[in-house]
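What the coordinates show
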Amino acid sequence: MTTGGGQDWEFTDDRGRTLRGTGAPRVAAYLRAGAALREYGIRPVAVYGSGHDAADAPDPAKTGDLDLAEAVYLGGGAAVDAARLREVGADLVVDVTYDGKTSYALPEETARAAGVQLAALGVSGDSSLGEILGRFAALAGVLGAGPHPASGEQALAEEELRGAVAGGGAPRAVALSPAGPEQVHLARPGTWPELRRLAELGLPLPDPGPGPGVNWLTLDWDRAADAVAGARLVLADCRANAVPVAELADLPAWQRLTRDARVLPWNPELPPAPGASAAFIRSVTAALRAV
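Scope of this entry: the structure provided in the associated data block. (Residues numbered from 1 in each chain as written. Predicted model: local features only at pLDDT ≥ 70, side-chain atom pairs only at ≥ 80, totals over all residues. Heavy atoms only, no water.)

**Quick word on the nonpolar core**
Judged by nonpolar contacts, the single largest core of 43 residues is most densely connected at Y48, L85, V93, V94 and F136. Of the residues forming this core, the biggest block, five residues, is contributed by helix α5 (residues 129-142). Not counting chain neighbours up to four residues away, the residues in contact with V93 comprise A28, Y48, L85, L106, A111, V116, Q117, L118 and A119. Residues L161, L201, L203 and L205 belong to the second largest nonpolar core, which totals 26 residues. (Core = buried A, V, L, I, M, F, W, Y, C linked by side-chain atoms within 4.5 Å. Buried < 20%, exposed > 50% of the residue type's maximum accessible area, 1.4 Å probe, protein only. Helix = DSSP H or I, 4+ residues; strand = E, 2+ residues; numbered from the N terminus. Contact = heavy atoms within 4.5 Å.)

Laid out in structure tokens, this is it:
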């Protein structure tokens, strides 16, 4: 049942935990979850980062359309304590989960100590992009959201990309996260829902090859440049914990890797909502047309 007017609501999260309440809850959310809910008109009273995020300022890549004048930034998840949750008046925490068992950015013990329920929604590669978007839409609906203002954008963006790569011959792409002048993490597309969706729509986005690492293959830059030789589109992690590509300009292997390629920012923690997802897919389509 939806909230509003004091109505009861109930929601079972992706760990199988059932949460219940009455009326519209005051939500504190992990940044990407809060940005997704904001697309639906649900305004968190507070947001927080993960262990990768700074204590004093949120990562701009993760905030989406959040208005930080409306939502207090509580810092990185590990630094957020029960007192802070009580201080902002939160009565529901919305986090994500990668293993279907534990919340990612805020320990459930913190929410429990504050007397606040915690919902964790799955965002791992075990789920399709459509399933992930659907789960956030379901939660937003339970919390009182109406129809998404950008309903249908995702499907339109996907059709545009499908058209751009139709007939074969689409340029090869690679997604990566710079770790500094010594190393780079090459993404395994099958484990990232939005990358897997790009591949399903026809973008050549092959796995970087054998080696340790479920989500990433970590290599030195020279070996990475060899592994992805011929890529014409480079999706580069733009989160604050990744090394900015501007700092790689003088690195010979980076120059070799990107000589004939277009570099496009990629957020591995994209807000799981149709507007953000459609915008990302359209940016890929535009980049492909410009290669």
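**A word on the environment of D65**
Structurally, D65 is set in the loop between α2 (60-63) and β5 (72-76). Assessed through its relative accessible area of 61%, D65 is described here as exposed. It is 20 Å that separates the C-alpha atoms of D65 and V284, two residues lying 219 residues apart in sequence.

**Some points on the side chain of E194**
The residue E194 is located in helix α7 (residues 193-200) in this model. Among buried charged residues, E194 stands out as having no salt bridge; its nearest opposite-charge side chain is R32, 5.7 Å away. A polar contact of 2.9 Å, which involves the side chain of E194, links it to the side chain of W266. In contact with E194, not counting residues within four places along its chain, are L129, W266, N267, P268 and F280. (Lys, Arg positive; Asp, Glu negative; His and termini not counted. Salt bridge = Lys/Arg side-chain N within 4 Å of Asp/Glu carboxyl O. Polar contact = N/O pair within 3.5 Å; in protein donor to acceptor, adjacent residues only side chain to side chain.)

**Here we look at the sheet that holds β5**
Whenever strands of a sheet pair, they do so through backbone hydrogen bonds, lying parallel or antiparallel. Pairing is parallel in the open sheet, where five strands are placed in the order β5-β4-β3-β6-β7. The open sheet terminates on both sides in strands that have one partner only, identified here as β5 and β7 (117-122). The mean inter-strand angle of the sheet, taken between neighbouring strand axes irrespective of direction, is 20°. Strand direction decides the pairing type here: strand β6 (residues 92-97) and β7, joined by six bridges, are parallel. Note that in β7 the partner of V94 across the bridge is A119. Where helix α1 (residues 31-39) meets the sheet, its contacts fall on β3 (27-30), β4 (46-49), β5 and β6, and the angle it forms with β3 comes to roughly 120°. In this fold α5 packs onto β6 and β7, with an angle of close to 155° to the strand it touches most, β7. (Pairing = 2+ DSSP bridges. Axes fitted to C-alpha atoms, helices over the stretch in contact; angles between N-to-C directions.)

**Section: the packing of helix α6 (residues 153-164) against helix α10 (residues 274-290)**
The relative placement of two packed helices is expressed as an angle between their axes plus a distance between the axes. Orientation of α6 relative to α10, taken along the N-to-C sense of each, is 15°, at an axis distance of 8 Å. When the axes of α6 and α10 are compared, the pair comes out roughly parallel. Crossing handedness for the pair α6 and α10: left-handed. Contact with α6, carried on its side by E153, Q154, L156, A157, E158, E160, L161 and A164, involves P274, G275, S277, A278, I281, R282, V284, T285, L288 and R289 of α10 and no other residues of that element. (Parallel < 35°, antiparallel > 145°, perpendicular 65-115°, else oblique. Left-handed = near helix turned anticlockwise from the far one by under 90°.)

**As for the side chain of T258**
Along the chain, the position of T258 falls in helix α9 (residues 252-258). T258 sits in the buried class, given a relative accessible area of 14%. Non-local contacts of T258, meaning those with residues more than four positions away in its chain, are made with V234 and V263.

Functional significance is not addressed by these values, which are geometric in nature.
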